[in-house]
Amino acid sequence: MNDKATYYLILERQVGKREDGKYYLFKDGKWEVDTENAIKDRLVGYDPSEPIDSPYRFGNGSVMDEIEKIPYQRALELTEGVE
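Residues numbered from 1 in each chain as written. Predicted model: local features only at pLDDT ≥ 70, side-chain atom pairs only at ≥ 80, totals over all residues. Heavy atoms only, no water.

Section: the overall build of the chain
Move 1: Helix and strand content of the chain: 3 helices and 5 strands.
Move 2: Tracing the chain from N to C terminus, the helices and strands come up as β-β-β-β-α-α-β-α.
Move 3: On the principal axes, the C-alpha backbone points of the chain span a range of 45 × 20 × 20 Å.
Move 4: The buried share among the 83 residues of the chain stands at 34%.
Move 5: Within the chain, residue pairs in contact and separated by at least 24 positions form 37% of the contacts whose partners lie at least 6 positions apart.
Move 6: Distance from the positive charge centre (12 side chains) to the negative charge centre (18 side chains) of the chain: 4 Å. (Helix = DSSP H or I, 4+ residues; strand = E, 2+ residues; numbered from the N terminus. Buried < 20%, exposed > 50% of the residue type's maximum accessible area, 1.4 Å probe, protein only. Contact = heavy atoms within 4.5 Å. Lys, Arg positive; Asp, Glu negative; His and termini not counted. Charge placed at Lys NZ, Arg CZ, Asp CG, Glu CD.)

Right under this line is the structure:
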């Protein structure tokens, strides 16, 4: 893990990070590229259930509340010893 990365907690259980301009999710004991856009979508409040022309498709506060930035130490505690 890198203390220069930005770490996130999604839905109070999934750890993610942004490092070197890329987003990753911690799954099955290792970091994997976030191909689902789970982090970016929540950061911008993207709600796929809204119609394409809806003003609520982006910037949805409820979706943005699903993710929180966490300190490096907390991310380390949540991922340490997980395999």
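A word on unusual backbone geometry
Move 1: Phi is positive for Leu11, close to 50°, though the residue is something other than glycine.
Move 2: Along the polypeptide, Leu11 turns up in the loop between strand S1 (6-10) and strand S2 (14-19).
Move 3: Positive phi, normally seen in glycine, also occurs at Asp20, with a value near 55°.

Quick look at the packing of aromatic side chains
Move 1: Across all of its chains, the model carries 4 aromatic pairs by this definition.
Move 2: Relative to Trp31, the ring of Phe26 lies with its centre 5.0 Å away and its plane at 65°, an arrangement referred to as edge-to-face.
Move 3: With relative accessibility at 23%, the residue Trp31 sits in the partly exposed group.
Move 4: Among the aromatic residues, those joined into a cluster by ring pairs are Tyr7, Phe26, Trp31 and Tyr72.
Move 5: Seen from the ring of Tyr24, Lys17 lies directly overhead, with NZ or CZ sitting 5.5 Å from the centre.
Move 6: The ring of Trp31 carries the charged tip of Lys17 above its face, separated from the ring centre by 4.6 Å. (Phe/Tyr/Trp six-rings, centres within 6.5 Å; stacked < 30°, edge-to-face > 60°. Lys NZ or Arg CZ within 6 Å of the ring centre and 35° of its normal.)

A look at a nonpolar patch on the surface
Move 1: Together, Leu43, Val44 and Phe58 make up a nonpolar patch on the protein surface, roughly 260 Å² of accessible area in all.
Move 2: Of note, Leu43 is situated in helix H1 (residues 38-44). (Patch = residues over 30% accessible without salt bridge, like charges linked within 9 Å, V, L, I, M, F, W, Y side chains within 5 Å. Areas by Shrake-Rupley, 256 points an atom, 1.4 Å probe, with all protein chains shown as cover. Salt bridge = Lys/Arg side-chain N within 4 Å of Asp/Glu carboxyl O.)

Structural notes on the side chain of Glu19
Move 1: Following the sequence through the fold, Glu19 ends up in strand S2.
Move 2: Taking the relative accessible area as the measure of exposure, Glu19 reaches 15% and is therefore buried.
Move 3: For Glu19, the residues in contact, after removing those within four places along its chain, are Asn2, Ala5 and Tyr24.

With respect to the pairing of S1
Move 1: Burial within S1 is extensive, with 4 of its 5 residues counted as buried.
Move 2: Sheet topology note: the S1/S2 ladder contains 5 bridges and is antiparallel. Across the sheet, residue Tyr8 finds its bridge partner in S2, namely Gly16.
Move 3: Counting the residues that bridge the hairpin from S1 to S2 gives 3 residues, and of these Leu11 lies at a positive phi of roughly 50°.
Move 4: Pairing analysis gives 4 bridges linking S1 to strand S5 (residues 67-70), with the strands arranged antiparallel. When the bridges of S5 are listed, Tyr8 appears paired with Lys69. (Pairing = 2+ DSSP bridges.)

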